[in-house]
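Spelled out from the first residue to the last, the chains are:
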Amino acid sequence: QVQLVESGGGLVQPGGSLRLSCAASGISFSTRAMGWYRQAPGAQRELVASITSGGTANTADSVKGRFTISRDNAKNTVYLQMNSLKPEDTAVYYCKAERTRYRGDYWGQGTQVTVSS
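Residues numbered from 1 in each chain as written. Predicted model: local features only at pLDDT ≥ 70, side-chain atom pairs only at ≥ 80, totals over all residues. Heavy atoms only, no water.

### A word on the pattern of salt bridges
To be explicit about the condition: Put simply, a salt bridge is a Lys or Arg side-chain nitrogen that is within 4 Å of an Asp or Glu carboxyl oxygen. Using a 1.4 Å probe on the protein chains alone, a residue whose accessible area is under 20% of its type maximum counts as buried, one over 50% counts as exposed, and one in between counts as partly exposed. Helix and strand definitions here come from DSSP, where helices need a minimum of 4 consecutive H or I residues and strands a minimum of 2 consecutive E residues; each element is numbered from the N-terminal end.
Under the counting rule described, the total for this entry stands at five salt bridges. Between Glu46 and Arg38 there is a salt bridge, with its nearest N and O atoms 2.8 Å apart. Judged by relative accessible area, Glu46 falls into the partly exposed class, the value being 34%. On the basis of relative accessibility, which here comes to 6%, the residue Arg38 falls in the buried class. In this structure, Asp89 and Arg66 form a salt bridge, with 2.7 Å as the shortest nitrogen-oxygen distance. Taken together, the positions of Asp89 in the loop between strand E8 (77-82) and strand E9 (91-97) and Arg66 in the loop between strand E6 (57-59) and strand E7 (67-72) put the pair 23 residues apart, joining distant regions of the chain. Taking relative accessible area as the criterion, Asp89 reaches 1% and is therefore assigned buried. A residue is classified by how much of its surface remains accessible, and Arg66, at 11% relative accessible area, is buried. Here the residues in one salt-bridge network are Arg38, Glu46, Arg66 and Asp89, joined through shared partners.

### Some words on the state of the cysteines
Where we set the bar: Criterion for a disulfide: a pair of cysteine sulfur atoms at a distance within 2.5 Å.
Enumeration according to the criterion identifies one disulfide in this entry. Between Cys22 and Cys95 runs a disulfide, and the two sulfur atoms are separated by 2.1 Å. Here the S-S torsion is close to -80 degrees, and the disulfide linking Cys22 with Cys95 is therefore left-handed. Placement of Cys22 in strand E3 (residues 18-25) and of Cys95 in strand E9 is noted, with a sequence separation of 73 residues between them. Pair check on accessibility: Cys22 and Cys95 agree, each one buried.

Rendered as structure tokens:
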């Protein structure tokens, strides 16, 4: 019933840009904090950026100044704008609806981002 569907991943050259989208259904989207996470092969999944239900955004130090998270509640969609991409940004990127006091969290299936020449 709950679905988080990521899109926008792909292959990009260093210095390039991509915009990831995550379309949510089956949840009260406007009341949920949302997050983008990434996981490289052999590495632990890490938080990249988060945004509260009120629109307050935060990004990890590793992507600060390059990535921007935003949301459009009318479209039940959260975005991750990725600029100045580096090879170390290569990973599977996952969308997450964060847990609330009474409801659990939910994950999307992930979308591959590869930064390479």
